[in-house]
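The chain contents come next:
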Amino acid sequence: MEHLTEKFIILADLIKKIKQPLLAVHPGPDTDTLGAAFALAAFFKDQGIKSTIFSQDQVTGGPVKLFPIQKLNSEFDLKNHDALFIIDRHDTFFQTGLDKAFNQLDQKIPLINIDHHLRSSLDDALNVVNTKAAATSEIIYHFLNHVNYPLSQTTAQYLLNGIYADTGGFRHTNTSAETLEISGELLRKGASIGKVNQALFAGKSLGALKLWGIALNRAQVNPKIKMAVSFITKKDLADCGASPGDISGLSEILNTISESNFSLILSEKSEGEIKASLRSEEFKKVDVSKIAKAFRGGGHKLASGFEIKGKLRQMGNQWVIE
Ligand SMILES: [Mn+2]
């Protein structure tokens, strides 16, 4: 992580001059983007800096139990801020209209992009990017360490939440020795693996399991391309009383089918929009981000996604996108 030191020095210097930064988490906020943002906000608060966290979308599923989500703002007015932080996914800048608001400002404010995904630099930004980091929360940990910020138990938990989630509970191959060392340090500060595990992986609702049941029942493997595929309609979600957050995890289960090299879950998002999430495993040697890119999506080698226009409809025994 040595090469980020230079960025950290610039960032620490920049933070001395700001009073009201806006922190943007990515659409469909996950545990890592929230963990990184809330940890950074705690640091700011202790420096007498009043930060605001902006989340375009509501938080659903497990992360609800891990963060004070009532503190999130669903709107922003960049004129009230003197710095803009994009947390965990650089495309948030474009997807939420922050780019337009930023470009319309009479007086430019610093733009900081903190990310661990591939190809995630932003023009005109201070890019604090490390693609080797398992999570953005890991980068934030290093930064807070760099400025000698003493982590409280709550802040340590935020960071552990992010790291635990993005490594699939230390099961994915992005779990490095450093990831475990950091996590050990966070445990020493009082963070709990049990708490985050319960919220993310163990605490499944009946609705979520019913939804998985429907999707697993529909699952098929395409033997030619070794793809395991299934899908979820909006009606399924409503019928099961499940939330969109319950869909994640499904692609990971599908991914464990030994005849498949990667999994694809299609889920109806809003009217006429279908979300696709792809997963693979290191040993399967498939780069799912290439598939996602072909559909103008993004992500990383083992977990990517894209969106397409359409509706899922049943025609006899077949389901089609129309
Ligand atoms: Mn992340």
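Residues numbered from 1 in each chain as written. Predicted model: local features only at pLDDT ≥ 70, side-chain atom pairs only at ≥ 80, totals over all residues.

**Some points on the sheet that holds strand β6 (residues 220-222)**
Neighbouring strands of a sheet are bound in pairs by backbone hydrogen bonds; such pairs are parallel or else antiparallel.
In step 1: On the basis of which strands lie adjacent, the open sheet formed by 6 strands has the order β6-β7-β8-β9-β11-β10 and mixed pairing. Looking at the sheet topology across the chains shown, the edges are occupied by β6 and β10 (298-300). Between one strand axis and the next, the sheet turns by 20° as a mean value, whatever way the strands run.
In step 2: As paired strands, strand β9 (residues 273-280) and strand β11 (residues 303-309) are joined by 7 bridges and run antiparallel to one another. Paired with glutamate 273 across the bridge in β11 is lysine 309. (Pairing = 2+ DSSP bridges. Helix = DSSP H or I, 4+ residues; strand = E, 2+ residues; numbered from the N terminus. Axes fitted to C-alpha atoms, helices over the stretch in contact; angles between N-to-C directions.)

**Structural notes on the nonpolar core**
In step 1: In terms of nonpolar packing, the biggest core is built from 54 residues, with Leu23, Ala24, Ala37, Leu40 and Phe85 touching the most fellow members.
In step 2: The element best represented in this core is helix α2 (residues 31-46), accounting for 9 residues.
In step 3: Those residues in contact with leucine 40 that sit more than four places away from it in its chain are Leu23, Phe85 and Ile140.
In step 4: Core analysis: the second largest hydrophobic core is formed by 27 residues, Ala208, Ala215, Leu264 and Ile274 among them. (Core = buried A, V, L, I, M, F, W, Y, C linked by C-beta atoms within 7 Å. Buried ≥ 20, exposed ≤ 12 C-beta atoms within 10 Å, placed from the backbone. Contact = placed C-beta atoms within 7 Å.)

**Overview of the sheet that holds strand β3 (residues 83-87)**
In step 1: Strand order across the open sheet formed by 5 strands is β2-β1-β3-β4-β5, with parallel pairing between neighbours. Since the sheet does not close on itself, it has two edges, and those belong to β2 (52-54) and β5 (126-129), each with one partner. Going from strand to strand, the sheet's axes swing by 20° on average, the running direction of each strand aside.
In step 2: Its contacts with the sheet place helix α1 (residues 5-15) against β4 (111-115) and β5, and it is angled at close to 130° to β5.
In step 3: On the sheet, α2 packs against β1 (21-25), β2, β3 and β4 and is oriented at approximately 165° with respect to β1.

**Some details on the packing of α2 against helix α5 (residues 136-146)**
In step 1: Where α2 meets α5, the axes come as close as 8 Å, and the angle between the chain directions of the two elements is 20°. It follows from the interaxial angle that α2 and α5 lie roughly parallel. α5 is crossed by α2, and the crossing has left-handed handedness. Between α2, through Asp32, Thr33, Gly35, Ala36, Ala39, Leu40 and Phe43, and α5, the contact on the second element is made entirely by Thr136, Ser137, Ile140 and Leu144.
In step 2: A per-class count over the contact of α2 with α5 returns 6 nonpolar, 4 polar and 1 charged. (Parallel < 35°, antiparallel > 145°, perpendicular 65-115°, else oblique. Left-handed = near helix turned anticlockwise from the far one by under 90°. Nonpolar A, V, L, I, M, F, W, Y, C, P; charged D, E, K, R; others polar.)

**Here we look at the domain arrangement of the chain**
In step 1: With domains assigned, the chain is organised as domain 1 (2-200) and domain 2 (206-321).
In step 2: Measuring from the centre of the C-alpha atoms in domain 1 to the corresponding centre in domain 2 gives 27 Å.
In step 3: Contacts between the two partners involve 9 residues from domain 1 and, on the opposite side, 11 residues from domain 2. (Domains from an automatic or database assignment.)

**Thoughts on the packing of α5 against helix α6 (residues 153-166)**
In step 1: Put simply, α5 and α6 touch, their axes get as near as 7 Å, and they point 145° apart. Side by side, α5 and α6 meet where Thr136, Ser137, Glu138, Ile140 and Tyr141 of the first sit next to Leu159, Gly162 and Ile163 of the second.
In step 2: Its residues assigned to classes, the contact of α5 with α6 shows 4 nonpolar, 3 polar and 1 charged.

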